[in-house]
Amino acid sequence: MNSAQASNPQSDDLIDRLADRELFCPAAYIDGERIGEDVRGEIIVTDPASGRFLGSVPGMDAAQSRRAVDAAQNAFAAWSGLLPQERSATLRRWFDLIMGAQEDLAQIMTAEQGKPISEARGEIAYAASFVEFYAEETKRPNIESVTSHLPDAEVEIWREPCGVAALITPWNFPAAMLTRKAAAALAAGCTCVCHPSGETPFSATALAILAERAGMPKGVFNIVTGKAREIVAPWTEDPRVRVISFTGSTEIGRLLIRQSADTVKRVIMELGGLAPFIVFADADLDQAVEEAIKAKFATSGQDCLAANRFFIERSIYDRFCEKLAAAIMALSVGPGIEDPDIGPLMNKEAVAKQAEHVADALAKGAKCLVGGKRHAAGDLFFEPTVLVDVPPDALIMHEETFGPVAAIAPFDDEADVLARANDTEYGLVAYLHTNDPRRIYRASRALQYGMVAINRTKVTGAPIPFGGMKQSGIGREGARLGMEAFTEVKYVCRDWH
Ligand SMILES: NC(=O)c1ccc[n+]([C@@H]2O[C@H](COP(=O)([O-])OP(=O)(O)OC[C@H]3O[C@@H](n4cnc5c(N)ncnc54)[C@H](O)[C@@H]3O)[C@@H](O)[C@H]2O)c1
Ligand SMILES: N[C@@H](CC=O)C(=O)O
């Protein structure tokens, strides 16, 4: 604990709850060293439930950001030169340590991110699952072999790690978004410089402490805290950084793609979503309502997979809206540590966005069945809200809401609803509820989305390719594809003479 944390009751509350206090690490982690631990850092982290000071991390400058790349570059030859089973063993130990510290990591996450503690525990298990998966996958860098098409020649195709990878992650899933990238990159033999969101750095620094304990060599996995622009711009300009893997908003993703153009980097982009949730009259209505709650309110609606637009077939529209409204009225709201259904939002901009989307929809003719305003639990809480009869020109039908507001509209015709679902620049996930097998395939083919969930909400996991079409992203994370993204293909042709 540093002197700044020692005098503040909120971080003391958190530290008292930790079985392993060293996991609360208010420092950057570069080349195996904790930097700035003993000073009050420039980046202030508050508990979104109470607004109280939780801790701080240092703001690294451009020179320190480049120093992290030096460290990662220096560590690359040795790390990429290990046998796959040696990298696998380190990753496996990291997995075991993460799962061993699941409760502490969840406590840290709920304190800085706000999500209900049971969701935080679930996220830690999800985060760890990527480490476990890639600990195995590193042993299987398979690639197709080709029979030579040239006389007297043998052809071979190899996969090699790209080099230094820069990983930039958001605040909504502060552990899983980092391990989904880092485990894949490390398994491929890359070394990493990572920048976590300034709102939630402690989940990342705790993972770095555990990586060190797992035996990750110095310089292989670096966490650089501070102001995003100062840290990430030097990475986009640095020719030694071969991959930029970003999860966050489409707006910042576009910026990083532009900044990376001059050094022609590999870009992996996991960006925003505007998921449609479509319910046909032949679906199981109660199941659809249950899944709608999950698809809308996980992480208080601050999920790239959150359903933004509900399209319900007209013959079941009123019943669906009534049932959803009743279910939403039963949801509890409160600080994440009390394990409610819905916790606080991340910041005041997020609360303002909910209010803006509600006001805009109402002004354009929508009706509010439940909620609609800030919640009495505190400044960053918003009431779970149901808006019905939302017109197509409402902001909420075009912009990611990233909060607990459900916008519902009726539809009459399959072709029309699929066209409306596709009428967006986004294409991350679509939810479809129907029991007609032909429609399942027709609609799944027609939906321009990287992922289609049919009659269920939970679809993610380490073995599946996660990612979006259109302006929701470039590339996939998870699965074998997630590791291949951090490799180059090399073709070698050998003459027999
Ligand atoms: N597709 C996915 O897998 C996925 C997963 C989670 C979140 N998201 C998206 O993330 C967004 C919410 O997260 P957020 O608010 O943290 O996103 P954000 O784009 O504001 O920030 C993401 C990361 O980028 C950094 N950043 C901000 N400005 C930057 C700049 N000018 N240069 C370089 N880096 C910069 C931030 O510090 C953070 O680390 C939503 O749009 C959500 O849909 C997508
Ligand atoms: N919920 C997503 C992360 C997006 O915010 C996931 O399951 O990976």
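Owing to the predicted nature of the structure, the values given are computational and were not obtained by experimental measurement.

**Quick word on unusual backbone geometry**
Phi is mostly negative for residues that are not glycine, and the peptide bonds are mostly trans. One non-glycine residue with positive phi stands out, namely aspartate 152, at about 55°. Relative to the helices and strands, aspartate 152 resides in the loop between α6 (117–137) and β5 (153–161). Of note in the backbone geometry, valine 264 takes a positive phi value of approximately 45° without being a glycine. Within the secondary structure, valine 264 is located in the loop between α10 (250–260) and β10 (266–270).

**Details of the pairing of strand β15 (residues 405–411)**
Most of β15 is tucked away, with 7 of its 7 residues classed as buried. The side-chain alternation of β15 yields two buried faces, one formed by Val405, Ala407, Ala409 and Phe411 and the other by Ala406, Ile408 and Pro410. With 5 bridges connecting them, strand β12 (residues 307–313) and β15 associate as parallel partners. Bridge assignment links isoleucine 312 to a residue of β15, and that residue is proline 410. Two elements, strand β14 (residues 385–388) and β15, share 3 bridges in a ladder whose sense is parallel. Within the sheet, the bridge partner assigned to leucine 387 lies in β15 and is alanine 407.

**Some remarks on the state of the cysteines**
Under the counting rule described, the total for this entry stands at 0 disulfides. No disulfide involves cysteine 190; its nearest neighbouring cysteine sulfur is the one of cysteine 162, lying 5.1 Å away.

**Things to note about the domain arrangement of the protein**
Domain annotation for the protein reports domain 1 (9–271 + 473–490) and domain 2 (275–461). In this structure, domain 1 and domain 2 have C-alpha centres spaced 31 Å apart. Residue-level contacts link 24 residues of domain 1 with 26 residues of domain 2. Around 1,900 Å² of area is buried between domain 1 and domain 2 when both sides are counted, 59% of it from carbon and sulfur atoms. Interface area lost by domain 1 to domain 2 is led by Pro48, Pro116 and Trp171, which between them contribute 23%. Taking the shortest distance from any N to any O, the salt bridge between glutamate 425 and arginine 254 comes out at 3.3 Å. At the junction of domain 1 with domain 2, the criterion picks out 7 residue pairs in polar contact (both at pLDDT 80 or more). Mapped onto the side of domain 1 that touches domain 2, the elements with two or more residues apiece are α5 (102–113), α6 and α10. Split into classes, the residues belonging to the side of domain 1 that touches domain 2 amount to 9 nonpolar, 8 polar and 7 charged.

**A short note on the environment of glutamate 230**
With respect to the helices and strands, glutamate 230 occurs in helix α9 (residues 228–237). Here the alpha-carbon distance between glutamate 230 and alanine 63, two residues 167 residues apart in the chain, equals 9.4 Å.

**What to know about the site of ligand 1**
Taken together, the neighbourhood of ligand 1 is formed by 29 residues, with Thr169, Trp171, Ser249, Leu271 and Glu400 sitting nearest. At a separation of 2.9 Å, an oxygen atom of ligand 1 approaches a polar side-chain atom of tryptophan 171. Contact distances for ligand 1 include 3.3 Å between an oxygen atom and a side-chain N or O atom of histidine 195. For ligand 1, the protein covers 88% of the area, taking 850 Å² as the surface of the free molecule. Where the shell around ligand 1 is concerned, the elements lending two or more residues are β6 (164–169), α7 (176–188), β7 (191–196), α9, β9 (241–247) and α10.

**Overview of the site of ligand 2**
If you check the shell around ligand 2, you find Tyr126, Asn172, Phe173, Met177, Arg180, Asp303, Cys304, Leu305, Thr460 and Phe466 and nothing else. Between an oxygen atom of ligand 2 and a side-chain N or O atom of asparagine 172, the distance comes to 3.0 Å. Within the side chain of aspartate 303, a nitrogen or oxygen atom sits 2.8 Å from a nitrogen atom of ligand 2. When ligand 2 is considered free in solution it has 260 Å² of accessible area, and contact with the protein chains removes 96% of it.

**Remarks on the packing of α5 against helix α8 (residues 201–213)**
Packing of α5 against α8 brings their axes to within 8 Å, and their N-to-C directions diverge by 160°. Viewed along their axes, α5 and α8 adopt a mutual orientation that is roughly antiparallel. α8 is crossed by α5, and the crossing has right-handed handedness. Residues Leu105, Ile108, Met109 and Glu112 of α5 pack against Pro201, Phe202, Ser203, Ala206 and Leu210 of α8. The residue inventory of the contact of α5 with α8, partitioned by class, reads 7 nonpolar, 1 polar and 1 charged.

The rules we used
Residues numbered from 1 in each chain as written. Chains lettered and ligands numbered in written order. Predicted model: local features only at pLDDT ≥ 70, side-chain atom pairs only at ≥ 80, totals over all residues. Heavy atoms only, no water. Helix = DSSP H or I, 4+ residues; strand = E, 2+ residues; numbered from the N terminus. Buried < 20%, exposed > 50% of the residue type's maximum accessible area, 1.4 Å probe, protein only. Pairing = 2+ DSSP bridges. Disulfide = S-S within 2.5 Å. Domains from an automatic or database assignment. Contact = heavy atoms within 4.5 Å. Buried area = accessible area lost by both parts, 1.4 Å probe. Salt bridge = Lys/Arg side-chain N within 4 Å of Asp/Glu carboxyl O. Polar contact = N/O pair within 3.5 Å; in protein donor to acceptor, adjacent residues only side chain to side chain. Nonpolar A, V, L, I, M, F, W, Y, C, P; charged D, E, K, R; others polar. Near = heavy atom within 4 Å. Areas by Shrake-Rupley, 256 points an atom, 1.4 Å probe, with all protein chains shown as cover. Axes fitted to C-alpha atoms, helices over the stretch in contact; angles between N-to-C directions. Parallel < 35°, antiparallel > 145°, perpendicular 65-115°, else oblique. Left-handed = near helix turned anticlockwise from the far one by under 90°.

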